[in-house]
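A structural walkthrough
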Amino acid sequence: MKFDTIIRGGRLVTATETVRADLGIRGEKIVAIGNQLAGTRHDAARVINARGRYVIPGGVDVHVHLALPFCGTVSADDYDSGTRAAACGGVTTLIDFATPYGKETLPRALENWRARAEGKSCVDYSFHMCITNWQRQKKDVQRIIDQGVPTFKQFMIYAKQGWQSDDADMYSALETLRDLGGMLCVHAESSRVLDLLIERHHSRAEMKKHGAYLHTLTRPNFVEVEAIERAIRWAKATGGRLFIVHMSTGEGADLVKRAREEGVNVLAETCAQYLALDDSVFAGKDGHLYATCPQLKKPRDQKRLWEGLKRGEVCSVSTDTCTFTRKQKAMWKGDWTRIPMGMPGLETLLPIVYTRGVLGRRLTVNEFVDKCCTAPAKIMGLYPRKGALRIGSDADVTIIHPTNKRKVDWRKMQTNCDWSPFHGWELAGFAEHTFCRGRQVVEDYKFVGRNGHGKFIPRSNPGRP
Ligand code: URP
Ligand code: ZN
Ligand code: ZN
């Protein structure tokens with residue numbers, strides 16, 4: 001047999017072009033792209049008919065939290081359910097955040113997080129390393145990079161969790177990572193003002209009056225915008241490489257655009273929820289379910305973030321998957337500061353961006369592939385192994401129907417969550433078939449993968465989108 005699998009007759013979509021061709025897979029790699037690869041029935045063990053379908057590189061979600069201890073509980077999707085959800089959503093590589101607890105060292109924390117995934121993950125994975133105490137942890141940065149983890153995250157909020165970094169930490173981390181070829185990812189929200197606004201509204205009367213909408217009242221856009229401005233200031237001063245994670249505001253996109261024009265080394269991702277949902281959801285009956293951090297913003301922010309994707313100042317779309325069930329969300333008991341923050345997303349990332357983006361005429365199909373597959377792989381040092389349909393790349397391939405829609409129904413999904421922010425939405429772009437390193441993990445929209453197939457993928461220096 002020349003091939004293990006031939007994907008025949010589809011339209012191969014990359015970040016730059018769309019061509020009709022067959023794709024040949026042997027072992028874990030793409031080994032051929034061309035016409036009529038299956039000359040005889042002896043040429044491949046299996047032929048997938050992709051006529052009338054888009055064949056794209058597997059999605060690369062670079063912002064995921066699985067089984068994260070957070071907000072007094074542990075997020076509900078782990079490396080079993082979370083990576084099954086990824087596969088069914090056409091995502092074949094994800095990057096989680098290895099977070100040290102207490103006085104744990106960075107190498108120890110990375111070991112812990114790797115152990116959670118090993119033998120369990122159904123798709124490939126990597127980690128960003130979270131910095132929770134720069135002074136203590138900076139000595140281990142080189143060791144972590146040497147282990148294939150060149151991206152680090154600092155949080156400008158979350159003092160209670162013991163995760164917060166200050167300006168000096170950010171400045172110093174940007175300098176160090178500049179010298180070592182790494183990149184600093186930053187959660188940008190202004191903690192002092194946020195805390196003040198929370199304190200101001202944290203009364204029985206206010207909570208009775210506004211409920212979960214207090215998320216919106218305490219996180220006006222300037223909470224994120226001021227923090228992005230400051231992080232960009234430190235990137236400019238140091239020449240370090242900055243990646244703004246989960247950017248939710250239109251003004252954030254303006255700042256990133258301006259800074260990039262001035263030559264500052266800054267990139268920003270947004271998440272599917274900021275493109276598809278707005279803060280009117282908090283006024284609804286189940287409004288508290290939508291609490292995430294940063295919070296959902298206004299329709300005008302959505303519009304600006306889509307524009308940013310088109311023009312380039314928003315470089316990729318991820319999910320910030322951090323799933324909490326209804327029972328976990330019920331911990332709030334009317335106090336918005338107690339809602340576990342985060343939502344499921346891995347299974348709906350590609351469908352949301354495809355449906356709202358491509359079918360909604362905001363992006364071309366090539367831009368969709370760029371923002372969800374190729375650019376994130378390049379930025380995070382995974383390309384061309386991931387995010388590409390090229391000979392020699394990993395055979396991470398997702399096949400989607402260009403127009404057929406399916407109704408989102410959490411009861412039929414892989415997530416452990418018992419709700420979805422997109423429940424009842426009709427979306428195209430679900431994975432009809434998914435291959436992860438040559439192995440089929442989704443067939444006819446059904447999960448057929450196995451735990452332990454997913455591997456830790458060491459990454460090299462971050463690149464450009
Ligand atoms: O609400 C969220 N996003 N939870 C995960 C932690 C974070 O800040 O990314
Ligand atoms: Zn964050
Ligand atoms: Zn996150």
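Parameters at a glance
Residues numbered from 1 in each chain as written. Chains lettered and ligands numbered in written order. Predicted model: local features only at pLDDT ≥ 70, side-chain atom pairs only at ≥ 80, totals over all residues. Heavy atoms only, no water. Near = heavy atom within 4 Å. Polar contact = N/O pair within 3.5 Å; in protein donor to acceptor, adjacent residues only side chain to side chain. Areas by Shrake-Rupley, 256 points an atom, 1.4 Å probe, with all protein chains shown as cover. Domains from an automatic or database assignment. Contact = heavy atoms within 4.5 Å. Buried area = accessible area lost by both parts, 1.4 Å probe. Salt bridge = Lys/Arg side-chain N within 4 Å of Asp/Glu carboxyl O. Helix = DSSP H or I, 4+ residues; strand = E, 2+ residues; numbered from the N terminus.

A closer look at the site of ligand 1
The full set close to ligand 1 counts 13 residues, and Y158, H187, C293, D320 and M341 are the nearest of them. Contact distances for ligand 1 include 2.6 Å between an oxygen atom and a side-chain N or O atom of Y158. At a separation of 3.3 Å, an oxygen atom of ligand 1 approaches a polar side-chain atom of T292. Coverage of ligand 1 by the protein chains reaches 100% of its 270 Å² of free accessible surface.

Concerning the domain arrangement of the chain
By the assigned domains, the chain splits into domain 1 (3–56 + 388–412 + 428–447) and domain 2 (59–379). Computed over C-alpha atoms only, the centres of domain 1 and domain 2 are separated by 30 Å. Contacts between the two partners involve 27 residues from domain 1 and, on the opposite side, 25 residues from domain 2. For the pair domain 1 and domain 2, the summed buried area comes to about 2,000 Å², and 66% of that belongs to carbon and sulfur atoms. For the pair domain 1 and domain 2, the interface holds one salt bridge. Residue R437 is joined to D124 by a salt bridge in which the shortest nitrogen-to-oxygen separation is 2.7 Å. Counting the contacts that link domain 1 with domain 2 gives eight residue pairs in polar contact (both at pLDDT 80 or more). Breaking the side of domain 1 that touches domain 2 down by element, the ones donating at least two residues are β5 (54–57), β16 (397–400), β19 (431–436) and β20 (439–443). Considering every element that reaches the side of domain 1 that touches domain 2, the biggest residue donor is β19, with four residues.

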